[in-house]
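Now for the letters of each chain:
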Amino acid sequence: MSGTAQRETVSFWTSLHTGKYFDSLIQLTIAVVTLLLWEWGSNALKAEFWISRPSSVAVELMRWARSGDLASDLRLTLMEAGVGFLIGSIAGALVGFTLGWVERLGKLLEPFVLSLYTLPKIALAPLFVLWFGIGPMNKIMFSAMLVFFMVFFTTFQGTRQVDRDLVANARMLGANRWAIWTKIAIPYAAIWVFTGIRIGLPYALIGAIVGEFVAADAGVGFRIKEATSFFNTAAVFAGLVVLMVISMILLGLLKLIEMRALRWQTASGIIEPEVTP
Amino acid sequence: MANPDAARTAAQGSDMLIEFNEVVARFGSLHAMGPTTLSVRRGEFLAIVGPSGCGKSTLLNMVAGTLNPSSGSVLYNGKKVDGPNSDVGYITQKNYCVPWRTVEGNVRMPLELRGMARGEMDERVRFALAQVGLTGFEKAYPKQLSGGMLQRVMIARTLAYGPHVYLMDEPFGSLDAQLRMRMHAKLLDLWQQTGATFVFVTHDLQEAITLADRVVVMSRRPGRPKLIVDIDLPRGRDVVDIQADPAFGAYVKQLWHALDLH
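Residues numbered from 1 in each chain as written. Chains lettered and ligands numbered in written order. Predicted model: local features only at pLDDT ≥ 70, side-chain atom pairs only at ≥ 80, totals over all residues. Heavy atoms only, no water.

1. Quick notes on the sheet that holds strand E4 (residues 71–76) of chain B
Residue and element names in this part refer to chain B. Overall, antiparallel pairing links the four strands, which are arranged E2-E1-E4-E5 in an open sheet. Bordering the open sheet on either side are strand E2 (30–41) and strand E5 (79–80), each of which pairs with just one other strand. Relative to E5, E4 runs antiparallel, the two sharing two bridges. The residue bridging Tyr76 from the neighbouring strand is Lys79, located in E5. Helix H2 (residues 56–64) contacts strand E1 (16–27), E2 and E4 of the sheet and is inclined by roughly 120 degrees relative to E1. (Pairing = 2+ DSSP bridges. Helix = DSSP H or I, 4+ residues; strand = E, 2+ residues; numbered from the N terminus. Contact = heavy atoms within 4.5 Å. Axes fitted to C-alpha atoms, helices over the stretch in contact; angles between N-to-C directions.)

Printed below as a string of structure tokens:
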């Protein structure tokens, strides 16, 4: 055997162990084993009523998709969550930034903000039915409210922590009030708005789903609730799978946007200076 | 610097650019500094040394307008300082880079704030970065740079807008010894080219003597000027050779005794 061939073999194994493919392989294995255990356990423990099993869930998913309900349910739920998300994050960013940046205002309103913070927002769901009826508007507003609070709190807390020295320094560099806003305050707050949005995004979906639980006649949340009342565990899990997939897609999208908008945060590696006297 | 005459054209009126009159700094019940009476001449390189906590930085903050004296007054160009003084460039050990701008963008910021024309901005940014040896790092983000490099970005940023006064608070504290020496040489060049006034706070006696026309020794808290020494070493100083000068050693000794750190 030639030396080169040997080296190649070694590097193949090394790359297998260290490369990202190897990690993906492990992850895939974990997923498959989990599904198999679920399928087997469901049979062995005679627990299909409680935990269903992957094959039944898949069948249920297929039926849901073929009937055309999946598409329309998805459209409805995503619309509710999406519009709610937009309204909530814009309002949350604006209010959070204002209260965070204007120190006096923030101090003044802090006790009220805190009392709202501790309130379990989910408890407002019935009230929203009263206010906005049982149509999509109710879910939109509910999910907007949940997102609003996440974005608002994060932006508020983050923006108040702006380094006041940085501001004083910018003044010394010649910044007037307007420039402080555009060149320091807003870019700084943007970091926190993004953080808030990332935390708030899942809440958009939670809002829509909870809204549908409370009162609805369509949507993914409604299907899950309906399936539960018919003891159709497989359909419940089918709904959960759909929600999981949606969330993952949404988070992936957000990450993409974030990477472009906040490139300075994701830029990695330490650049070492060459010696240039 | 691009506008070597800036400081000189601004030279009007008195010979003294900065005047501290009976200035006292108190932080709550702590009497930190003063009463201090001290003047900085136009175009002078003044170094201030003293034990930690003697109020060296406080003096600079008052010139920069970020701190008001508890009593007494600070005059800049004959006028009382109140509010941030955009005539000065303040360089401390803390880095004030905004993290979302590149190196270039950070250096450009004060120029944007002054509403400078794009062409001139580019020119100045390029020049300033070259001066501190950061050419080639224009597109890097602060997060990617080491402490020493960030420090040089801060210096370049100040250089770019060419203030009349450079306030420096242990600016080279985070640099290694070699880089420090190189920066000393750069700083002396800069001072000579711009004719700007430098007020340089340090606790490194050698650094003070190498750079300054006069060295002020502050006493322990409450800090006040204890001794002011004229550094009578010829200009056009070489940062290495100067240390071999017998007079250099004598200054070190004199200042060391005045510091009285035992």
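2. Regarding the packing of helix H11 (residues 220–229) of chain A against helix H12 (residues 233–261) of chain A
All names here are of chain A. H12 packs onto H11 with a crossing angle of 160 degrees between their chain directions and a minimal axis gap of 8 Å. By the angle between their directions, the pair H11 and H12 is classed as roughly antiparallel. Once H11 is placed against H12, the crossing between them reads as left-handed. Residues Val220, Ile224, Ala227 and Thr228 of H11 pack against Ala235, Val236, Gly239, Leu240, Val242 and Leu243 of H12. Residue composition of the contact of H11 with H12, grouped by class: eight nonpolar, two polar and no charged. (Parallel < 35°, antiparallel > 145°, perpendicular 65-115°, else oblique. Left-handed = near helix turned anticlockwise from the far one by under 90°. Nonpolar A, V, L, I, M, F, W, Y, C, P; charged D, E, K, R; others polar.)

3. Side note on empty space enclosed by the protein
Over the atoms a probe the size of a water molecule is rolled, and this reveals where empty space is left. Residue and element names in this part refer to chain B. This structure, assessed with the given rule, holds four cavities of 30 Å³ or more. The calculated volume of the largest cavity comes to roughly 80 Å³. Lining of the largest cavity is provided by Gln131, Val132, Ile155, Leu159, Phe172, Met183, Lys186, Leu187 and Leu190. For the lining of the largest cavity, the secondary structure elements donating two or more residues are helix H5 (147–161) and helix H6 (177–194). Tallying contributions element by element places H6 first for the lining of the largest cavity, with four residues. Among the residues making up the lining of the largest cavity, the classes are represented as seven nonpolar, one polar and one charged. Residue-level mapping places the lining of the largest cavity at the junction of two domains, with at least three residues from each of domain 1 (1–84 + 186–262) and domain 2 (88–162). (1 Å grid on protein atoms, 1.4 Å probe; cavity = no way out; pocket = protein on both sides within 12 Å on 5 of 7 lines; lining within 4 Å. Points joined across faces, edges and corners; volume = space filled by probe spheres on them. Domains from an automatic or database assignment.)

4. Remarks on the sheet that holds strand E10 (residues 225–230) of chain B
Residues and elements named next belong to chain B. Taken in spatial order, the six strands line up as E6-E7-E8-E3-E9-E10 in an open sheet, and their pairing is mixed. With one partner strand each, in any of the chains shown, strand E6 (88–91) and E10 form the two edges of the open sheet. The average angle at which neighbouring strand axes cross in this sheet is 15 degrees, direction not considered. With respect to the sheet, H5 is in contact with E6 and strand E7 (165–169), its orientation differing from that of E6 by roughly 175 degrees.

5. A word on unusual backbone geometry
The amide bond that connects Arg221 of chain B to the next residue, Pro222 of chain B, takes the cis arrangement and shows omega of -5 degrees. With a phi angle near 50 degrees, Ser52 of chain A is a residue other than glycine that sits in the positive phi range. With relative accessibility at 1%, the residue Ser52 of chain A sits in the buried group. Although it is not a glycine, Glu22 of chain B adopts a positive phi angle of roughly 50 degrees. Tracing the backbone through its elements, the reader meets Glu22 of chain B in strand E1. (Buried < 20%, exposed > 50% of the residue type's maximum accessible area, 1.4 Å probe, protein only.)

6. Describing the domain arrangement of chain A
For chain A, the domain assignment lists domain 1 (11–47) and domain 2 (54–261). The gap between the C-alpha centroids of domain 1 of chain A and domain 2 of chain A is 33 Å.

7. Considerations on the pairing of E2 of chain B
All names here are of chain B. The sheet contact formed by E1 and E2 spans eight bridges and is antiparallel. Looking across to E2, one finds that Phe27 is bridged to Leu30. Between E1 and E2, which pair antiparallel one after the other, the connecting turn spans two residues, and Gly28 there sits at a positive phi close to 65 degrees.

8. Describing the domain arrangement of chain B
All names here are of chain B. Split by domain assignment, chain B resolves into domain 1 (1–84 + 186–262) and domain 2 (88–162). Of note, the centres of domain 1 and domain 2, computed from C-alpha atoms alone, are 25 Å apart. Contact with domain 1, which involves eleven residues of that partner, is made by eight residues of domain 2. In total, domain 1 and domain 2 occlude about 900 Å² of area from one another, counting both sides; carbon and sulfur atoms represent 65% of this. If you look at where domain 1 meets domain 2, you find zero salt bridges. At the boundary of domain 1 with domain 2, the tally comes to two residue pairs in polar contact (both at pLDDT 80 or more). For the side of domain 1 that touches domain 2, the secondary structure elements donating two or more residues are H2 and H6. (Buried area = accessible area lost by both parts, 1.4 Å probe. Salt bridge = Lys/Arg side-chain N within 4 Å of Asp/Glu carboxyl O. Polar contact = N/O pair within 3.5 Å; in protein donor to acceptor, adjacent residues only side chain to side chain.)

9. A short note on the environment of Gly78 of chain B
Following the sequence through the fold, Gly78 of chain B ends up in the loop between E4 and E5. On the basis of relative accessible area, Gly78 of chain B is assigned to the exposed category, the value being 51%.

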